[in-house]
Amino acid sequence: MTQNKYTQALQAAGVSLWLDDLSRDRIASGDLQELIDTKNITGVTTNPSIFAKALTNGEAYKQQLAELAANGTDVQKAVEATTTDDVRAACDVLARVYEATNGYDGRVSIEVDPRLARDSEKTIRQAIELAKIVNRDNVMIKIPATVEGLPAISKVLAEGISVNVTLIFSLPRYREVLNAWLTGLEGARSNGHDLSQIHSVASFFVSRVDSEIDTQLEALDLSTQELLRLRGRAGIANARLAYRIFEQIQDTERWRLLRSAGARLQRPLWASTGTKNPEYSDVRYVNGLVADYTVNTLPETTLNAVADHGAITDSRIMDSYAMDDDHFDELARAGIDYQQVVTKLEQEGLDKFVDAWDELLQTIQEQLNANH
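Computed from a predicted model, the values in this text were never measured in an experiment.

Counting buried positions over the six residues of strand S5 (residues 163–168) gives six, a clear majority of the element. When strand S4 (residues 139–144) meets S5, the two strands line up parallel, connected through four bridges. Its bridge partner being in S5, Pro-144 is matched across the sheet by Thr-166. Each parallel crossover has a hand, and for S4 linked through helix H9 (residues 149–158) to S5 it is right-handed. Judged from the four bridges that link them, S5 and strand S6 (residues 200–205) form a sheet pairing that is parallel. Bridge pairing in S6 places Val-165 opposite Ala-202.

What follows is the structure, encoded as structure tokens:
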């Protein structure tokens, strides 16, 4: 099959496209394979919201849930069984991509229970358990980048498990994530693991930063001209400055020692790239973040928009650092408190995932009850 010219251009520019969605229907119908064959999809990310939607709307889970109910399975184990089965099946669909890229792509991510995000030890235990249950080399375990998540990231990597660090909003936290990743690789080396087989991505959320800062700007006493000049720029600026940190970490002796032992870079992953403000381009958070060694995980609507009118250009990220620094200085002068923004976004992100997890538990419990 022929790949779409715009998604192909992204891949040629060093951007891996991962689908931010998964359902049993998508796997069984062949739709996921078609996206691999025609739109350069090379990975899949999931989260509690995605699973809640799939299990609420899908008919494909009825037989499994009936069997689980007949066996007296509790709701927590039923959620674990259904979601890990989907992830395992998606890993199998992407196995050829994984093999062809030597593990660089072909990845499927599954997140630990978001209710554990403030508990390091429970996060570690569940991450290791999920990796064992899925039992595929191309699975990635998602761990939120909370303060408590940082030691969990290190410990899980040290066990030789690939990790997708999620819910990153701030540049200072990203530096802490990179430290946790390096610490984890150092632990994995000490534990005798093959570093070349351990992969990691750092999921930096983009559009939600614009949504929050735009809302705060609109509440300030700014002129229309100043408002229009400041709004809608922070999300991409924040991500580009994260890429600068990614470049800087490569120029450290600590990384060079790990690289000489076979380690792979932790790639920046652009998440939350669906455009939420209808006034902005629907490919804004794809076209604006083209850079080598990155991943962009897209909801299907954004993927389709890119395939239709992506108009991809070469990376200009490195040319924008000074402008992006100046933009955050301007936001501070206008009255925007960066730390307040990113702290709020992290907590809201966790709350949304916990709400989706609770919805998922309720949906599964209702279906289990209906089968008794």
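Mapped onto the elements of the fold, Asp-324 is located in helix H17 (residues 321–334). Apart from residues lying up to four places away in sequence, Asp-324 is in contact with Ala-237, Arg-240 and Leu-241.

All right, on to the side chain of Thr-7 then. Among the structural elements, Thr-7 can be located in helix H1 (residues 5–12). Look at Thr-7 and you get buried, because its relative accessible area is 0%. Apart from the residues within four sequence positions on either side, Thr-7 is in contact with Leu-17, Thr-38, Lys-39, Asn-40, Leu-303 and Val-306.

Judged by nonpolar contacts, the single largest core of 122 residues is most densely connected at Val-87, Ile-141, Tyr-174 and Ile-364. Among all residues touching Val-87, those that are not within four sequence positions of it are Leu-22, Phe-51, Val-108, Ile-110, Val-134 and Val-139.

To continue, consider helix H3 (residues 31–38). Because an α-helix packs 3.6 residues into every turn, residues spaced three or four apart end up facing the same way. Residues Leu-32, Leu-35, Ile-36 and Thr-38 constitute the buried set of H3. With its phi angle positive at about 60°, Asn-40 sits one or two positions after the end of H3.

Moving on, we get to the environment of Ala-237. Mapped onto the fold, Ala-237 is located in helix H13 (residues 234–249). Residues Ala-237 and Leu-289, spaced 52 residues apart in sequence, show a C-alpha to C-alpha distance of 9.4 Å. Not counting residues up to four positions away in its chain, the partners in contact with Ala-237 are Asp-324, His-327 and Phe-328.

Time to look at the packing of aromatic side chains. Using the criterion set out here, one finds six aromatic pairs in the structure. Measuring from centroid to centroid gives 5.3 Å for Phe-169 and Phe-205, while their planes differ by 50°, and the two rings are tilted. Remark: Phe-205 occurs in strand S6 and Phe-169 occurs in the loop between S5 and helix H10 (171–190); sequence separation between them is 36 residues. As far as burial versus exposure is concerned, Phe-169 and Phe-205 are alike and both buried. In this structure, Arg-267 packs its charged tip against the face of Tyr-104, placed 3.6 Å from the ring centre.

With that settled, consider the packing of H1 against helix H16 (residues 300–309). The interhelical angle for the contact between H1 and H16, taken along N-to-C directions, is 100°, at an axis separation of 6 Å. The angle between H1 and H16 places the two elements in the roughly perpendicular class. Residue-level inspection shows Tyr-6, Thr-7 and Leu-10 of H1 in contact with H16, the latter providing Leu-303, Val-306, Ala-307, Asp-308 and His-309.

This next bit is on the sheet that holds S6. Strand order in the closed barrel formed by eight strands is S1-S2-S3-S4-S5-S6-S7-S8, with parallel pairing between adjacent strands. Sheet twist, expressed as the average angle between the axes of neighbouring strands with direction ignored, equals 30°. As paired strands, strand S1 (residues 15–19) and strand S2 (residues 41–44) are joined by three bridges and run parallel to one another. Bridging across to S2, Leu-19 finds its partner in Val-44. Helix H8 (residues 120–134) contacts strand S3 (107–111) and S4 of the sheet and is inclined by roughly 160° relative to S4. Set on the sheet, H16 makes contact with S1, S2 and strand S8 (294–298); between it and S8 the angle comes to about 115°.

What counts and how
Residues numbered from 1 in each chain as written. Predicted model: local features only at pLDDT ≥ 70, side-chain atom pairs only at ≥ 80, totals over all residues. Heavy atoms only, no water. Buried < 20%, exposed > 50% of the residue type's maximum accessible area, 1.4 Å probe, protein only. Helix = DSSP H or I, 4+ residues; strand = E, 2+ residues; numbered from the N terminus. Pairing = 2+ DSSP bridges. Right-handed = clockwise from strand over helix to strand, strands pointing away. Contact = heavy atoms within 4.5 Å. Core = buried A, V, L, I, M, F, W, Y, C linked by side-chain atoms within 4.5 Å. Phe/Tyr/Trp six-rings, centres within 6.5 Å; stacked < 30°, edge-to-face > 60°. Lys NZ or Arg CZ within 6 Å of the ring centre and 35° of its normal. Axes fitted to C-alpha atoms, helices over the stretch in contact; angles between N-to-C directions. Parallel < 35°, antiparallel > 145°, perpendicular 65-115°, else oblique.

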